Amino acid sequence: MKVKEICEKLGLNVHVQGDLDKEVHQGVVGDLLSFIMRTAPEGAVWVTIQNHVNVAAVAVLKDIPFIVLASGREPLQELIDSCRKENITLTSSKEDAFNLCGKLYELGIKD
Amino acid sequence: MSEPLVLELEVKPLDFLAAGETATQFKETLKSLGLPPEICRRAAIVVYEAEMNIVIHGGGGVMRLQVEEDKVTIMAEDEGPGIEDLELAMQEGYSSAPDFIREMGFGAGMGLPNIKRNANELYIDTAPGKGTKLRAVIYLNKGR
Ligand SMILES: Nc1ncnc2c1ncn2[C@@H]1O[C@H](COP(=O)(O)OP(=O)(O)O)[C@@H](O)[C@H]1O
Ligand SMILES: [Mg+2]
């Protein structure tokens, strides 16, 4: 499913538009950066409550094109700037990571 | 490639805004050299974790990337406190990171284990008060 369709279906606030036509089939959830470094599949959507610029660094290194900040976190300006520079779609939602992942799963993001 | 390509960058202590920049630059370099994506990904993990350790634990230092025909070598050097018990530090889950750093998602105690999994060879030269020198080698024609 395309990034923009996921954004619409989950009602995400889009702070940075990366490649909205990019197809995403996998996801990863977590707040421990080394854990994400180890386990994130390439091209995945990443659901996290971490809200600082290193989130963008990890996304770049793991080829993650799409970040969802959960539980009502509003992204810090440095994170927004970094995602813009790296062409990463940065979004946020009031919902918590559990519910977001459930909805992603229902959309077919299952791995 | 006869002469090895060498890239050296300074890493500042506790500079979380810049943290990850060395890894990003090194990965870009490897990609632009046309190295296989799998090698780039493994190298990125090694550089990132070594860089974060310099930022968080090492009090700043230097990172070096060396690319030769058959291998990529990543070196991280600092003159920080050093590691007292390396065997303990290598254990999954062990971390001496303070709470404020853990709250940012660092300090999972997975950094050195992540480096070990992704490098073919890992050498760490460290002693209390003497700083830490890490060297990780990834061979282009070997798997993990
Ligand atoms: N460059 C370094 N200088 C001093 N201590 C270090 C360094 N790198 C690692 N360590 C020690 O080894 C421990 C484990 O490192 P690591 O596996 O990367 O986990 P983490 O960084 O999440 O704590 C650290 O908590 C720290 O005590
Ligand atoms: Mg570490």
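Residues numbered from 1 in each chain as written. Chains lettered and ligands numbered in written order. Predicted model: local features only at pLDDT ≥ 70, side-chain atom pairs only at ≥ 80, totals over all residues. Heavy atoms only, no water.

**Here we look at the site of ligand 1**
All names here are of chain B.
Line of reasoning, step 1. Near ligand 1 you find 18 residues, and of these His57, Ser95, Ser96, Gly109 and Leu112 are the closest.
Line of reasoning, step 2. The contact in question runs from an oxygen atom of ligand 1 to an N or O atom on the side chain of Ser95, over 2.5 Å.
Line of reasoning, step 3. In this structure, Ser96 approaches ligand 1 through a side-chain N or O atom, which is 2.5 Å from an oxygen atom.
Line of reasoning, step 4. In terms of residue count, helix H5 (residues 111-118) provides more of the shell around ligand 1 than any other element does, three residues in total.
Line of reasoning, step 5. Counted by class, the shell around ligand 1 contains seven nonpolar, ten polar and one charged residues. (Near = heavy atom within 4 Å. Polar contact = N/O pair within 3.5 Å; in protein donor to acceptor, adjacent residues only side chain to side chain. Helix = DSSP H or I, 4+ residues; strand = E, 2+ residues; numbered from the N terminus. Nonpolar A, V, L, I, M, F, W, Y, C, P; charged D, E, K, R; others polar.)

**Quick word on the UniProt feature "domain: Histidine kinase/HSP90-like ATPase" (unreviewed entry) in chain B**
Line of reasoning, step 1. The positions UniProt marks with the feature "domain: Histidine kinase/HSP90-like ATPase" (unreviewed entry) are residues 24-137 of chain B.
Line of reasoning, step 2. Helix makes up 40% of residues 24-137 of chain B and strand makes up 25%, while its end C-alpha atoms are separated by 18 Å. (UniProt positions renumbered as here; feature names shortened; annotations may be inferred.)

**Quick word on H5(B)**
Line of reasoning, step 1. With six of eight residues buried, H5(B) is to be regarded as a mostly interior element.
Line of reasoning, step 2. For H5(B), the complete set of buried residues consists of Gly111(B), Leu112(B), Pro113(B), Asn114(B), Ile115(B) and Asn118(B).
Line of reasoning, step 3. Those residues of H5(B) hidden inside the fold are in contact with helix H2 (33-39) of chain A together with helix H2 (37-56), helix H3 (86-89), strand E4 (121-127) and strand E5 (131-139) of chain B. (Buried < 20%, exposed > 50% of the residue type's maximum accessible area, 1.4 Å probe, protein only. Contact = heavy atoms within 4.5 Å.)

**What to know about unusual backbone geometry**
All names here are of chain A.
Line of reasoning, step 1. For Ser71, which is not a glycine, the phi torsion comes out positive at approximately 55°.
Line of reasoning, step 2. For Ser71, the location among the structural elements is in the loop between strand E4 (66-69) and helix H4 (77-86).
Line of reasoning, step 3. Residue classification places Ser71 among the partly exposed residues on the basis of a relative accessible area of 36%.
Line of reasoning, step 4. Backbone geometry places Asn87, a non-glycine residue, at a positive phi of 60°.
Line of reasoning, step 5. Within the element layout of this structure, Asn87 appears in the loop between H4 and strand E5 (89-92).

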